[in-house]
Amino acid sequence: MFILPEERKNEILNELKRTGKVKVPDLAKKFNISEETIRRDLTILEEKGALKKVYGGAIATSFKSGEPPFSQRTTVNQAEKIKIGKKAAELISDGDVIVIDVGTTTVEFAHFIQNRKNITILTNSIPVSTVLTESLNQNKFTGEILLLGGQIDPKQLSVSGRLTEQLLNQFNIDKAFISAGGVSIQNGVSNYHLNETLVSRIMVEVSKQIILLTDHSKFGVDTFCKVCPLEKVDMIVSDQPFPESWKNVLELNETKWIEA
């Protein structure tokens, strides 16, 4: 069925309102047109201030200064997050002390932590701690879970604040599994929420190895608060191959890219 260009653009904006993000291949398939035509539509809409283009698609402009509550983000790019979580779980070894920060991707990651012995897991994510507690009760792994104390954010289901930061500083951690609101060459890893970002910064500081879990929709996106530069990240686990436009970036020379 033929659809006028303006109707198509309105449909794109309606999809953004529902999910906060759109992907070029999905839109091209939906409207039975070329990906180049979709990219032109997104460029026009970006020039009007209706969205922000990112690698492979676009995000709603309303998400630039904040993000939806946790419950509204769980189904966005869920298949990609599941793939990332499953692959990242392979990086845990018996006896590891790990820390997991807040995010819908880290919750998927928590589901795949199994068949490991004597691991210690710290987290400031209430959903992550819930998943891990259920897994521990089902003997999927052995070890301990420490939910970091502090102030609870009921919308993001996170724990943060000065107490959380002080607690983190008491530990020596092998691996930090962190998420991101955005990842860019210029500004590195960033997130939407100041208090959560401050906790993530401490995680980076006290951990021997930093592992970033991020789907492709975060590439080229800068959000409100900087977590760390890309050269601080040891591994990036993503659902897509290394972006062509990043191949000559010196800051990523020592970073291992793992495609889920």
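Small disclaimer: the values here were computed from a predicted structure and weren't measured.

What counts, and at which threshold
Residues numbered from 1 in each chain as written. Predicted model: local features only at pLDDT ≥ 70, side-chain atom pairs only at ≥ 80, totals over all residues. Heavy atoms only, no water. Phe/Tyr/Trp six-rings, centres within 6.5 Å; stacked < 30°, edge-to-face > 60°. Buried < 20%, exposed > 50% of the residue type's maximum accessible area, 1.4 Å probe, protein only. Helix = DSSP H or I, 4+ residues; strand = E, 2+ residues; numbered from the N terminus. Polar contact = N/O pair within 3.5 Å; in protein donor to acceptor, adjacent residues only side chain to side chain. 1 Å grid on protein atoms, 1.4 Å probe; cavity = no way out; pocket = protein on both sides within 12 Å on 5 of 7 lines; lining within 4 Å. Points joined across faces, edges and corners; volume = space filled by probe spheres on them. Pairing = 2+ DSSP bridges. Axes fitted to C-alpha atoms, helices over the stretch in contact; angles between N-to-C directions. Contact = heavy atoms within 4.5 Å. Core = buried A, V, L, I, M, F, W, Y, C linked by side-chain atoms within 4.5 Å. Salt bridge = Lys/Arg side-chain N within 4 Å of Asp/Glu carboxyl O. Parallel < 35°, antiparallel > 145°, perpendicular 65-115°, else oblique. Nonpolar A, V, L, I, M, F, W, Y, C, P; charged D, E, K, R; others polar.

### Regarding the packing of aromatic side chains
- If you walk through the whole model with that rule in mind, you get 7 aromatic pairs.
- Relative to Trp-246, the ring of Phe-242 lies with its centre 6.5 Å away and its plane at 80°, an arrangement referred to as edge-to-face.
- Using a relative accessible area of 7% as the deciding quantity, one classes Trp-246 as buried.
- Clustering of aromatic rings is evident, with ring pairs tying together Tyr-55, Phe-219, Phe-242, Trp-246 and Trp-257.

### Side note on the side chain of Asp-215
- Structurally, the position occupied by Asp-215 is in the loop between strand E12 (207-213) and strand E13 (225-228).
- You can call Asp-215 buried: its relative accessible area is 0%.
- Within polar-contact distance, the side chain of Asp-215 engages the side chain of Ser-217 at 2.4 Å.

### Topic: the layout of surface pockets
- What the second largest pocket holds in volume is close to 230 Å³.
- Residue assignment for the lining of the second largest pocket shows that the elements contributing at least two residues are helix H2 (24-31), helix H3 (35-47) and strand E2 (51-54).

### Side note on the sheet that holds strand E10 (residues 182-184)
- Reading across the sheet, the 3 strands line up as E10-E11-E13 and stay open at both edges, with antiparallel pairing between neighbours. A strand with exactly one partner marks an edge of an open sheet, and here the two such strands are E10 and E13. For this sheet, the mean inter-axis angle between neighbouring strands, taken without regard to orientation, is 35°.
- Here strand E11 (residues 188-191) pairs with E13 via 3 bridges, running antiparallel. Looking across to E13, one finds that Val-189 is bridged to Cys-228.
- Of the strands in this sheet, E11 and E13 touch helix H9 (residues 194-206), which is tilted by about 15° from E13.

### A look at the pairing of strand E3 (residues 57-60)
- Bridge analysis of strand E1 (residues 21-23) against E3 gives 3 bridges, and the strand direction is antiparallel. The residue bridging Lys-23 from the neighbouring strand is Gly-57, located in E3.
- Connecting E2 to the antiparallel partner E3 that follows it, the hairpin turn spans 2 residues, and Gly-56 within it adopts a positive phi of roughly 85°.

### Looking at the nonpolar core
- Ranked by internal contacts, the top residues of the largest apolar core, which has 27 residues, are Val-99, Leu-168, Val-189, Leu-212 and Trp-246.
- Of all the elements in the fold, those that place two or more residues in this core are strand E9 (173-178), H9, E12 and E13.
- Here the element with the most residues in this core is H9; it accounts for 5 residues.
- Look past the residues within four positions of Leu-168 in its chain and what remains in contact with it is Val-99, Leu-148, Ile-173, Val-199, Ile-202, Met-203 and Val-206.

### Section: the sheet that holds E1
- Overall, antiparallel pairing links the 3 strands, which are arranged E1-E3-E2 in an open sheet. Lying at the two open borders of the sheet, with one neighbouring strand each, are E1 and E2. For this sheet, the mean angle separating the axes of adjacent strands, direction not counted, is 25°.
- Bridge count for E2 against E3 is 4 bridges, and the pairing is antiparallel. Looking across to E3, one finds that Val-54 is bridged to Gly-57.
- The strands touched by H3 are E1, E2 and E3; relative to E2, the strand with the most contacts, the crossing angle is about 135°.

### Regarding the pattern of salt bridges
- This structure, assessed with the given rule, holds 14 salt bridges.
- In this structure, Asp-26 engages Lys-23 in a salt bridge whose closest nitrogen and oxygen atoms are separated by 3.9 Å.
- By relative accessible area, which is 46% here, Asp-26 ends up partly exposed.
- A salt bridge links Arg-39 to Glu-36, with the nearest nitrogen and oxygen atoms 3.8 Å apart. Linking Arg-39 with Glu-36, this pair stays in helix H3, spanning 3 residues, or about one helical turn.
- Residues joined in a network through salt bridges with shared partners are Glu-6, Arg-8, Lys-9 and Asp-41.

### Some words on the packing of helix H6 (residues 104-111) against helix H7 (residues 126-137)
- Viewed as axis vectors pointing N to C, H6 and H7 meet at an angle of 10°, and their least axial separation amounts to 9 Å. Relative to H7, the element H6 lies roughly parallel. Across the interface between the two elements, Thr-106, Val-107, Ala-110 and His-111 of H6 pack against Pro-127, Val-128, Val-131 and Leu-132 of H7.
- Across the contact of H6 with H7, the residue classes tally to 6 nonpolar, 2 polar and no charged.

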